[in-house]
Amino acid sequence: MSTTLGYVSFYVPDVAAALRFYVEAFGLEQRFLTPENDYGELATGETTLSFVAHGLAGDNLAAAGGFTPLDTGGAPVGAGIVLVTDDVPTAVEAALAAGARPYTDPVDKPWGQTVAYVIDPSGILVELATPVAAT
């Protein structure tokens, strides 16, 4: 059996708005949006970043007990995505201009990586990081 990570999905209130944010803030390419605007994908390399509307997620998960929506105004949940960039401060500025809220300032880590965190308009924690330095 072979297993790979194909998709990372988040349940959001507005799929089209989530796609627009990532296209505007980070220049990611929108790959797909259903005519119903309830599912969409971004091209992000080998793993697809996708968004599912609350209604569709609720339908898909109702028999199992549903799901808990992200809190767009509070602290983030203990999960998120990491976008790798060579310029973290500029990526933070672009994210904020596109509607994210700041969470941490850029910090240089002892292992040679610079990281910062923002929270996107849907409540998703986004880490912006330089590549890990080769040792």
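Residues numbered from 1 in each chain as written. Predicted model: local features only at pLDDT ≥ 70, side-chain atom pairs only at ≥ 80, totals over all residues. Heavy atoms only, no water.

Chemist: Got a minute to help me understand the pairing of strand E2 (residues 29-33) in this structure?
Modeler: Each regular strand displays side chains that alternate between the two surfaces of the sheet. Where E2 and strand E3 (residues 39-43) come together, 4 bridges link them in antiparallel fashion. Its bridge partner lying in E3, Glu 29 is registered against Ala 43. In this antiparallel pair of consecutive strands, E2 and E3, the connection spans 5 residues, and Asn 37 shows a positive phi of 60°. (Pairing = 2+ DSSP bridges. Helix = DSSP H or I, 4+ residues; strand = E, 2+ residues; numbered from the N terminus.)

Chemist: Please explain the pattern of salt bridges as it appears in this structure.
Modeler: Opposite charge on two side chains allows them to pair when their charged atoms are near. Enumeration according to the criterion identifies 1 salt bridge in this entry. A salt bridge links Glu 41 to Arg 31, with the nearest nitrogen and oxygen atoms 3.4 Å apart. In this pair, Glu 41 is assigned in strand E3 and Arg 31 in strand E2, connecting sequence segments 10 residues apart. On the basis of relative accessible area, Arg 31 is assigned to the partly exposed category, the value being 43%. (Salt bridge = Lys/Arg side-chain N within 4 Å of Asp/Glu carboxyl O. Buried < 20%, exposed > 50% of the residue type's maximum accessible area, 1.4 Å probe, protein only.)

Chemist: What is the right way to read the packing of aromatic side chains from this model?
Modeler: Aromatic rings considered in pairs are described by the distance between their centres and by the relative angle of their planes. By the definition in use, this model includes 6 aromatic pairs. Where Phe 32 meets Tyr 39, the ring centres are 6.2 Å apart and the plane angle is 55°; that geometry is what we call tilted. You can call Phe 32 partly exposed: its relative accessible area is 39%. Chaining the aromatic ring pairs together yields one cluster made of Phe 21, Tyr 22, Phe 26 and Phe 51. (Phe/Tyr/Trp six-rings, centres within 6.5 Å; stacked < 30°, edge-to-face > 60°.)

Chemist: Would you mind going over helix H3 (residues 88-97) with me for this structure?
Modeler: Structurally, the α-helix is built with 3.6 residues per turn, so residues lying three or four positions apart point the same way. Residues of H3 that are buried: Val 88, Ala 91, Val 92 and Ala 95. Seen along its axis, H3 keeps its buried residues to an arc of 100°; they face one direction. Of the residues in H3, the exposed ones pointing more than 90 degrees away from the buried face are Glu 93 and Ala 97. Considering only its buried residues, H3 is in contact with helix H1 (15-26), strand E6 (101-108), strand E7 (114-119) and strand E8 (125-129). Phi for Gly 99, located one or two positions after H3, is positive at around 120°. (Arc of directions from axis to C-beta. Contact = heavy atoms within 4.5 Å.)

Chemist: Please explain the environment of Ala 133 as it appears in this structure.
Modeler: Within the secondary structure layout, Ala 133 lies in the segment after E8. Residue Ala 133 is classed as partly exposed on the basis of its relative accessible area, which comes to 35%. Once the C-alpha coordinates of Ala 133 and Thr 114 are considered, the two residues, 19 residues apart in sequence, prove to be 9.8 Å apart.

Chemist: I would appreciate a short explanation of the sheet that holds E2 in the present structure.
Modeler: Within a sheet, neighbouring strands are paired by backbone hydrogen bonds and run either parallel or antiparallel to one another. Sheet architecture is open: 4 strands sit in the order E1-E4-E3-E2, paired in mixed fashion. Among the strands making up the open sheet, the edge pair consists of strand E1 (7-12) and E2. This sheet shows a mean twist of 25° between the axes of neighbouring strands, independent of strand direction. Relative to strand E4 (residues 48-53), E3 runs antiparallel, the two being bridged by 4 bridges. Each residue of the ladder has a partner; that of Gly 40, found in E4, is Phe 51. Where helix H2 (residues 54-61) meets the sheet, its contacts fall on E1, E3 and E4, and the angle it forms with E4 comes to roughly 85°. (Axes fitted to C-alpha atoms, helices over the stretch in contact; angles between N-to-C directions.)

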